[in-house]
Amino acid sequence: MGDGGGVISTDFLQDGGNIDGSFEIDGEFGWADGSWSTTNPSATTVIKSDGVLYIEDTTSFYENRDITNYGTVNWTGGTLLTNANGSFVNFGSFNDQSDSDHNLSETSGDSTFTNDGTYLKTGAGTTRIDQTFDNGSPVTLDVRNGVLELNGGGTNGSSGAVVVKNDGLIRFTDNYTIENAANLSTESLSGDYGYELESGELELNGQLNVDFLQTGGELEGSQTINATYTLEGGDWDANSDGATTTISSTGVVNIDPLGEQDPDFDNRDIVNDGTFNWHHGDLDTTAAGSFTNNGTFNDLTDDDNDIGETGGDATFTNNGTFTKSNESETRISQDFDQYGTLEVDAGRLSLADDANFGATSDTQIGTGAILSVAGDVTALADGAVIAGVRDRHF
C-alpha cells in the first residue's frame, strides 16, 4: 500500500504487503499479515479513540514506526517486531488474548513499549516482551491468565498500577526497576505467587505487600517485606552500600535455595521484625552488610551452613529470638551480638568470631546440643544468662 497517509475510517483488512507512511485508524483494522515497516524515520500510526486494531497470528513488523493507541488493540497471537527506531505507546486498551506463546520483540537495537492506559492479559500463553517495557499507567497493567515475561528491562513508575489475578504471573528475566512496590497487587490467585524474579537484576523499592518468589537473579533496591517472600535461587547482593531490606512484623522470608545456591546479601542491611526461615545455603555479606534480628529467626538448616563474610567485618545482632532446631552445624563467622533469646535445641552453633552477650541476653542450650565460642568473648555482661543441660565450649 504505497505511501499510505490519511485516516482509515472504514473496516479494513491487511492480508499482506506493506504500508509505508503515516496513517490513522478510526474504524476496524484487521492486521492478518504483511508489515508496517517504513524507511521514513518520522512515520506514525495512531489508533484513534473509536479505532480498533486486530493483530492476528502472524509476524507483524513495524520497523522505524511509532504506534500510538488511544482506542483498542486486540492481539490474538503472533509476534510484533520493530527496531530501535520503532515504539509503541498505549493510552487506550491493549488486550493480550493469545492462548499460545508469543513475543513483542526487536529486530535490532533497543525499542520501547510504554503503557499509559490499560494492558490486559487474558490469554493462557506466555507473552515475552523483549523490548523495554515502561508502565506508568495509574489505570493498570492487569495479568489475569498466563505469564507476562519482562525480558527487556524497563521501569514500573511511581504511579504504575499492577494487578495479577487468577492464573496470572509476571516474571522478571532482565534488569527491571519498580519504583514503588506498593503498586503491586494480587486478586483471587490460583497459585502461590503472582510475581517471580527469575534472572537479571530487580530494583525493588518501597512496601512489598504481595507474596513474591525469587528463583534466580539479584534483588536490588531498598524494600520492606510485608507478605511472604521465598528465595529458591539468586541472591540479595546490592551493587553499592546503603541498600536495606526490612521484614515487617507481618512479613515472612523463606530462604530455601535449590541446589548449591548461596543467597548472599553483600552491601545490604537486613532488619527482621517478622519471621525469617533459613532452610539451607550460606548467608554471607561484606563489611557493608549486616543482619539485625528483632523478630523470629528460625535456623532450620539440615546441612552444615555458614553466616559469614565475603570481605571485612560484618555483624549479626540478635535482639529477638534465634532458634536452631536441626542436627547440623551452623557456623557464624561474623561478629555476634546477643541481646535477645538464643535457643540451641539441636546440633552445634559455632560462634567463630567475636561474641558479645549483653545483659538482656538469654541463651538456652538443649540436651545434646552444643554452643561453641571459638572467637573472643568480648563481653559477658552482668545479667546475661547462658544455661542448658549440656555443652558450652568457650
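Check the entry above for the structure.
Computed from a prediction, not measured in an experiment: that's the story for all the values here.

Draft legend 1. The arrangement of the side chain of Q338 in detail. Position of Q338 among the secondary structure elements: in strand β42 (residues 335-338). A distance of 2.8 Å separates a polar atom in the side chain of Q338 from the backbone oxygen of G340.

Draft legend 2. Focus on the pairing of strand β19 (residues 147-150). Neither face of β19 is left uncovered, since the one carrying V147 and E149 and the one carrying L148 and L150 both have all their residues buried. With four bridges joining them, strand β16 (residues 126-129) and β19 adopt parallel strand pairing. Counted as the bridge partner of T126 is V147 from β19. Two strands pair when backbone bridges link them, and β19 and strand β22 (residues 169-172) are joined in this way by four bridges, in the parallel orientation. Residue pairing across strands places V147 opposite L169, the latter belonging to β22.

Draft legend 3. Expanded view of the pairing of strand β37 (residues 296-299). Two elements, strand β34 (residues 275-278) and β37, share four bridges in a ladder whose sense is parallel. Each residue of the ladder has a partner; that of N277, found in β37, is N298. The pairing of β37 with strand β40 (residues 321-324) spans four bridges and is classified as parallel. Looking at the pairing, T296 lines up with T321 of β40.

Draft legend 4. Fine view of the sheet that holds strand β21 (residues 162-166). On the basis of which strands lie adjacent, the open sheet formed by nine strands has the order β2-β4-β6-β9-β12-β15-β18-β21-β24 and parallel pairing. Both outer strands of the open sheet, β2 (12-18) and β24 (184-189), are each paired with one neighbouring strand and no more. Between one strand axis and the next, the sheet turns through 15° on average, direction left out of account.

Rules behind the numbers
Residues numbered from 1 in each chain as written. Predicted model: local features only at pLDDT ≥ 70, side-chain atom pairs only at ≥ 80, totals over all residues. Heavy atoms only, no water. Helix = DSSP H or I, 4+ residues; strand = E, 2+ residues; numbered from the N terminus. Polar contact = N/O pair within 3.5 Å; in protein donor to acceptor, adjacent residues only side chain to side chain. Buried < 20%, exposed > 50% of the residue type's maximum accessible area, 1.4 Å probe, protein only. Pairing = 2+ DSSP bridges. Axes fitted to C-alpha atoms, helices over the stretch in contact; angles between N-to-C directions.

Just distances and angles here, no functional claims.
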